[in-house]
Amino acid sequence: MEFNEDDFLQLSGIQHYVFCRRQWALIHIENQWAENERTVDGQFFHKKAHDGLSVEKRGDIIVSRGLYIHSRSLGFSGQCDIVEFHRNDNGVTIHGYDGKWIPYPIEYKRGKKKYTIEDISQVCAQAICLEEMYCCEIKEGAIFYGENRRRQVIEFDDNIRNEVKKIAKEMHDVFSRGYTPKVKYTKKCDMCSLKENCLPELNNKESVESYMKRMVQE
Ligand code: SF4
């Protein structure tokens, strides 16, 4: 199946969806957003990673910041923090540069190296976009963790590719129904910037009346 541009979802939403599908729906279906220390820090870090579109060549690597990408098979569009193009005889030609090149997406994350499925899914979705745009195969990319300045290499095997395709399909299904899923309260909720908007305690089948009573008592 191929999606039209009008139906593209924000690629960066995949990290929200994997973290919590309710969080993603609150942001992308209900347009709710709330800042907390983590989101503000993260946005600042990303702004530094792609402050406008820029391209520079460093030896056998072309570094592109803020490249716009899309995939018709995933139905996603977005912007990459950094795409390096590595010189490779099995790569593709790039307008304005001699030789052949393979794209190598790098997603910047604040914090320490964690290797979470949220981060891995996001960079794999970027790779699938770049493969469709440049008609090539991308075997690996990386996540750069800002706090300890570590680059974690990610291999895009069939398992993660299939998972990303499955998640993208689910996201489109939920979005087309305009439905905000209910999700039970977990420890993740304490790190969530939308906790106040979401009121996850209400999802644990507690009635609104009993929740309000409890809040007044507390
Ligand atoms: S508070 Fe919990 S259930 Fe609600 S959106 Fe955040 S992570 Fe999801």
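As the structure is a computational prediction, the values presented were derived from the model and not from experiment.

A. Summary view of helix H2 (residues 21–28). Judged by how many residues are buried, H2 sits mostly within the fold: 7 of 8 residues are covered. Of the positions making up H2, those classed as buried are Arg22, Gln23, Trp24, Ala25, Leu26, Ile27 and His28. The secondary structure elements touched by the buried residues of H2 are strand E1 (9–10), helix H1 (13–19), helix H5 (158–177) and helix H6 (195–198).

B. Representation of the pattern of salt bridges in the model. The final tally for this structure, using the stated rule, is 11 salt bridges. As a salt-bridge pair, Glu56 and Arg65 come within 3.0 Å of each other at their nearest N and O atoms. Note that Arg161 and Glu131 form a salt bridge whose closest N and O atoms lie 2.8 Å from each other. Here the residue Arg161 occupies a position in helix H5, and Glu131 occupies one in helix H4 (residues 117–134), the gap between them amounting to 30 residues. The same class applies to Arg161 and to Glu131, which are both buried. Each of Glu56, Arg58 and Arg65 takes part in one network of salt bridges that share partners.

C. Looking closely at a negative patch on the surface. A cluster of like negative charges, contributed by Glu140, Glu155, Asp157 and Asp158, occupies part of the molecular surface. Taking the relative accessible area as the measure of exposure, Asp157 reaches 39% and is therefore partly exposed.

D. Spatial organisation of the state of the cysteines. This structure, assessed with the given rule, holds 0 disulfides. Here Cys135 is not disulfide-linked; the sulfur of Cys136 is the nearest cysteine sulfur, at 7.7 Å. Assessed through its relative accessible area of 65%, Cys135 is described here as exposed.

E. A look at the site of the ligand. Taken together, Phe19, Cys20, Gln23, Cys189, Cys192, Lys195, Cys198 and Pro200 form the complete shell of residues around the ligand. In the shell around the ligand, the residues fall into 6 nonpolar, 1 polar and 1 charged.

F. Structural detail: the packing of aromatic side chains. Scanning all chains against the criterion turns up 5 aromatic pairs. Relative to Trp24, the ring of Tyr17 lies with its centre 5.3 Å away and its plane at 75°, an arrangement referred to as edge-to-face. Assessed through its relative accessible area of 5%, Tyr17 is described here as buried. Taking the relative accessible area as the measure of exposure, Trp24 reaches 1% and is therefore buried. Relative to Trp101, the ring of Tyr97 lies with its centre 6.4 Å away and its plane at 75°, an arrangement referred to as edge-to-face. Since its relative accessible area comes to 28%, Tyr97 is described here as partly exposed. Its relative accessible area of 0% is what places Trp101 among the buried residues. Taking the ring centre of Phe19 as reference, the NZ or CZ of Lys188 above it sits at 5.2 Å.

Procedures and definitions
- Residues numbered from 1 in each chain as written.
- Predicted model: local features only at pLDDT ≥ 70, side-chain atom pairs only at ≥ 80, totals over all residues.
- Heavy atoms only, no water.
- Buried < 20%, exposed > 50% of the residue type's maximum accessible area, 1.4 Å probe, protein only.
- Helix = DSSP H or I, 4+ residues; strand = E, 2+ residues; numbered from the N terminus.
- Contact = heavy atoms within 4.5 Å.
- Salt bridge = Lys/Arg side-chain N within 4 Å of Asp/Glu carboxyl O.
- Patch = residues over 30% accessible without salt bridge, like charges linked within 9 Å, V, L, I, M, F, W, Y side chains within 5 Å.
- Areas by Shrake-Rupley, 256 points an atom, 1.4 Å probe, with all protein chains shown as cover.
- Lys, Arg positive; Asp, Glu negative; His and termini not counted.
- Charge placed at Lys NZ, Arg CZ, Asp CG, Glu CD.
- Disulfide = S-S within 2.5 Å.
- Near = heavy atom within 4 Å.
- Nonpolar A, V, L, I, M, F, W, Y, C, P; charged D, E, K, R; others polar.
- Phe/Tyr/Trp six-rings, centres within 6.5 Å; stacked < 30°, edge-to-face > 60°.
- Lys NZ or Arg CZ within 6 Å of the ring centre and 35° of its normal.

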